[in-house]
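If you want the building blocks of each chain, they are given just below.
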Amino acid sequence: MSTKKPTADQRDRLFSEAQSTSDFRFDAAVARVFPDMIRRSVPGYTTIIPMIEVITEQYVQPGSRCYDLGCSLGASTLAMRHGIRHDDCELIGVDNSTAMLERCEHHIALDDHPLPVLLRCEDILDTPLNNASVTTLNFTLQFVPLEQRSNLLQKIASGTRPGGALILSEKIRFESEYEQLTQTHLHHEFKRANGYSDLEISQKRSALEQVLIPETLETHRDRLRHAGFDQIIVWYQCFNFVSMLAIKSA
Ligand code: GEK
């Protein structure tokens, strides 16, 4: 995806004016500014994306499928595409926002890698998943209702080949109140350093409150193990944002 400076139109100013609170949605307005929004809001996003290529390259298997669940505009999908070295693999990107997928299609068309990408507009809870070697949930599980998360991870684990992997990136929360306050403060300072005002930070926080539900690292580890992954490694953390690698033994 382009790393060019966003035009005024692509700059995230969605929460810059005082507004009444409503739940955050992945609509056309969000899709328009999404690359700028996620880069300025998620510490480590610009590191995680290229590492998804590196990790995909390590775990992809010939003749298998790779899934990007909650692919948005396709940044993680394209990273996976470039990490796939076999021409008999299938790459499938899934998102339930049509506004996101329309732009995703455009980004994929601009990329010159020959591997076809199949895009599906649907809820990832309904996506059939099998013969997978690498699956990515890059900041998507946090938007799935809590009571659906175990089923989704079990579906992914059982659809994953031995030796395959899941890349799971999430915003997390902490048991310790001190750590929770400190990491949240540091995250907000990161956003301030990236040009967001106090009003933007607090309005975005309210909009996400009922929509993005973070869990502790322990909860993620336990659920991944229970779902059928054998090794769980935290390969990246910056403040309250982590990325895990969950591996199914060969
Ligand atoms: C990236 N991975 O750039 N079914 C399908 N899609 C969903 C669902 C669901 N149940 N819930 C949320 N989404 C991307 C970034 S963004 C992360 C992922 C963020 C989709 C939603 O429409 C959005 O496009 C994406 O998951 C989450 O690496 O905005 O913080």
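Definitions and limits used
Residues numbered from 1 in each chain as written. Predicted model: local features only at pLDDT ≥ 70, side-chain atom pairs only at ≥ 80, totals over all residues. Heavy atoms only, no water. Pairing = 2+ DSSP bridges. Helix = DSSP H or I, 4+ residues; strand = E, 2+ residues; numbered from the N terminus. Axes fitted to C-alpha atoms, helices over the stretch in contact; angles between N-to-C directions. Buried < 20%, exposed > 50% of the residue type's maximum accessible area, 1.4 Å probe, protein only. Contact = heavy atoms within 4.5 Å. Phe/Tyr/Trp six-rings, centres within 6.5 Å; stacked < 30°, edge-to-face > 60°.

Draft legend 1. Layout of the sheet that holds strand E7 (residues 241-247). Read across the sheet, seven strands follow the order E3-E2-E1-E4-E5-E7-E6 without closing on themselves; strand pairing throughout is mixed. Both outer strands of the open sheet, strand E3 (117-121) and strand E6 (231-238), are each paired with one neighbouring strand and no more. Adjacent strand axes in the sheet meet at a mean angle of 15°, parallel and antiparallel pairs treated alike. Taken together, the five bridges between strand E1 (residues 65-69) and strand E2 (residues 90-95) define a ladder with parallel strand orientation. Pairing of Asp 68 across the sheet is with Gly 93, part of E2.

Draft legend 2. Seen up close, the side chain of Asn 240. Within the fold, Asn 240 resides in the loop between E6 and E7. The exposure class assigned to Asn 240 is buried, which follows from its relative accessible area of 3%. Residues contacting Asn 240, with those up to four places away along its chain left out, are Glu 170, Lys 171, Ile 172, Phe 174, Gln 183, Thr 184 and His 187.

Draft legend 3. Quick look at unusual backbone geometry. The phi angle at Ser 72 is positive, at roughly 50°, despite the residue not being glycine. Secondary-structure assignment places Ser 72 in the loop between E1 and helix H3 (75-83). The backbone phi angle of Asn 131 is positive, close to 55°, even though this residue is not glycine. Checked against the element boundaries, Asn 131 lands in the loop between E3 and strand E4 (132-138).

Draft legend 4. View of the packing of aromatic side chains. Going through the model one piece at a time under the given rule, you end up with three aromatic pairs. Between the aromatic rings of Trp 235 and Tyr 236, the centroid separation amounts to 5.9 Å while the plane-to-plane angle is 55°, which identifies the pairing as tilted. Judged by relative accessible area, Trp 235 falls into the partly exposed class, the value being 25%. Residue Tyr 236 is classed as buried on the basis of its relative accessible area, which comes to 17%.

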